[in-house]
Amino acid sequence: MVESDANAKNTNDWLPVTASRNAKWWYSAFHNVTAMVGAGVLGLPYAMSEMGWGPGITILILSWIITLYTLWQMVEMHEMVPGKRFDRYHELGQYAFGEKLGLYIVVPQQLVVEIGVNIVYMVTGGQSLKKFHDTVCPNCKPIRQTYFILIFGCVHLVLSHLPNFNSITAVSVAAAVMSLRVEADVEYTSRASTKTGQTFGFLSALGDVAFAYAGHNVVLEIQATMPSTPGNPSKKPMWKGALIAYAIVGLCYFPVAFVGYKVFGNSVEDNVLISLEKPAWLIAMANLFVVIHVIGSYQVFAMGVFDMVEAFFVKKLKFKPSTLLRFCTRTTYVLVTMILGMAFPFFGGLLGFFGGFAFAPTTYFLPCIMWLAIYKPKRFSFSWCANWICIILGILLMVLAPIGALRQLVLQAKDYKFFS
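Let us look at the packing of helix H8 (residues 145–159) against helix H14 (residues 280–316). Close contact between H8 and H14 brings their axes to 11 Å; oriented N to C, the two are set at 45°. As summarised for this structure, H8 and H14 are arranged oblique, according to the angle between their axes. The element H8 and its partner H14 pack so that their crossing is right-handed. Note on element contacts: H14 touches H8 through Val291, Val294, Ile295, Tyr298 and Gln299, opposite Phe152, Val155, His156 and Leu159.

Rendered as C-alpha cells:
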C-alpha cells in the first residue's frame, strides 16, 4: 500500500498538471485570461453581425454572467471533500456521477474542447501571421496560409515540451491591442438575404459566443497548481485571480464585439483583424500580438491533453515516466492539430461548431449538473433555480448552435481545395 502511494505520488509529480503546486493568484489570472481571450474574441464582431444589436448585446452579457457563475462553482468544488483535491475536470465528474460514468461523460467532451481549440488556434495563428506578412510587405509574392500555419505549428513543437503549467506562465503573459475606425457606408442590416440564412446565421453566432468562454475546461487544472492548506485553501487565490481575469475578459470582449460591429457592420470578416486595413503599422502590430497570445492559449489547452494522454500511458498501459514518452506524445499531438488546421482552415465555421457542440456542455451547464448532484440544494431555492436556468439555456445552445455552424462549414468548404 505504501509503495502504491509512493508510485502514485511519483506519477503525480511527473504529470504536467500536478508537477508544481507553488502558483500564486496572479498565475490564475494569467492562465484564465490566456484560456479565454484567444481566437474567440476575434469572432465576436462577426457574431454581432449575425445577431444584431439587441440580441447580440443581451446574449454576450448573459453569457458573461452565466459563465462567471459556473466558474465560481468549479472553484468551490475543487476542494469540497476535506483532504482531497479534484485536480482535473474528469476527477470531479467521477465524484459527481460515479467512477466510470463520470469518465464517459466528461473526458470525451473535454478532449473535443481542448483539441478543437488547438485546431482553431493553429488556424488563427496562421491567419494572423499571413496578415502580418501581407501588411508589412504588400508587394511581396503571396504565400499560402498553409505555410504560415506550418510556421506557427513549428513553434509549438518546441514549446510543447515545457514540463508543466507553471513553466508556461511567461508565455501566458500576453495581450492583443486593437484600434478601429468607422468605415464609410456601413450597414447594420442582416448579413443574409433570406430568412433561412438569417436563422442559421443566428444559430452559428450563438456557438461563436460560446467558444469565447472556454476557460472552464482547464480551470481545475489551473487551480491544481496552487498550494492549499486547511486554513488557506486554494479557492481563495484562485477566485481572486479568476475575478481579475473575468474583469479583463469583459474589458476585451465587449469593446471588440460592439466597436467591431459598429465599425464594419454586416461586412465584418469572421476574424475581425482580417477586416482591418489601415493604419498598416497598427494592423501589423495587432496581428503580431494575436500570434503571441494564441501561442500561450494553445499551450494552456494542450497541457490538459498532455496530462490525460501521459496519465493514460503511465497508469493504464504501465509505461515508465520518461522524457522519451513525453517527447513522442507531445510531438505527435502538435503535428496532428497542425495538419488538421492546415487541411480545414475554416475559422468562423469551426468557432461556431466547437462552441456549441462542446463548449456549451463543459462551460454552461455541466458544472451546474454536478453542483445539483453533489450539494442537492433545496427545490426552488435560488441555487436550484439558477442552476436549472443555466442547464436549460446551455442545452438549447448545445443543440442549436452546431446546426447553424455545420451549414456555414458546408458553404465555406464548397469551393475549397485541401492545403490551398
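More follows now that the structure is in view.
Inspection of every chain in the model, using the stated rule, returns one disulfide. Each sulfur of the disulfide joining cysteine 137 and cysteine 140 lies 1.5 Å from the other. Judged by the sign of its S-S torsion, about 65°, the bond between cysteine 137 and cysteine 140 is right-handed. Relative accessible area serves as the criterion here: at 33%, cysteine 140 is assigned to the partly exposed category. With no disulfide of its own, cysteine 390 lies 4.2 Å from the sulfur of cysteine 368, the closest cysteine sulfur.

This paragraph deals with the confidence of the model for the chain. Averaged over all residues, the pLDDT of the chain is 80; the fraction at 70 or higher stands at 81%. Per-residue pLDDT, averaged within each element of the chain, yields its smallest value for helix H9 (residues 169–172) (34) and its largest for helix H5 (residues 53–77) (93). Taken as a whole, residues 164–184 scores under 50 in pLDDT and shows 61 contacts with residues more than four places along the chain or in a different chain.

Right, let's get into the packing of aromatic side chains. Using the criterion set out here, one finds 17 aromatic pairs in the structure. Geometrically, the ring pair formed by tyrosine 121 and phenylalanine 301 is edge-to-face, given 6.4 Å between the ring centres and 70° between the ring planes. In this pair, tyrosine 121 is assigned in helix H7 (residues 99–136) and phenylalanine 301 in helix H14, connecting sequence segments 180 residues apart. A relative accessible area of 1% places tyrosine 121 in the buried class. Through pairs of rings, three or more aromatic residues link up here, namely Trp64, Tyr213, Tyr246 and Tyr253.

Criteria and thresholds
Residues numbered from 1 in each chain as written. Predicted model: local features only at pLDDT ≥ 70, side-chain atom pairs only at ≥ 80, totals over all residues. Heavy atoms only, no water. Axes fitted to C-alpha atoms, helices over the stretch in contact; angles between N-to-C directions. Helix = DSSP H or I, 4+ residues; strand = E, 2+ residues; numbered from the N terminus. Parallel < 35°, antiparallel > 145°, perpendicular 65-115°, else oblique. Left-handed = near helix turned anticlockwise from the far one by under 90°. Contact = heavy atoms within 4.5 Å. Disulfide = S-S within 2.5 Å. Buried < 20%, exposed > 50% of the residue type's maximum accessible area, 1.4 Å probe, protein only. pLDDT = per-residue confidence, 0-100. Phe/Tyr/Trp six-rings, centres within 6.5 Å; stacked < 30°, edge-to-face > 60°.

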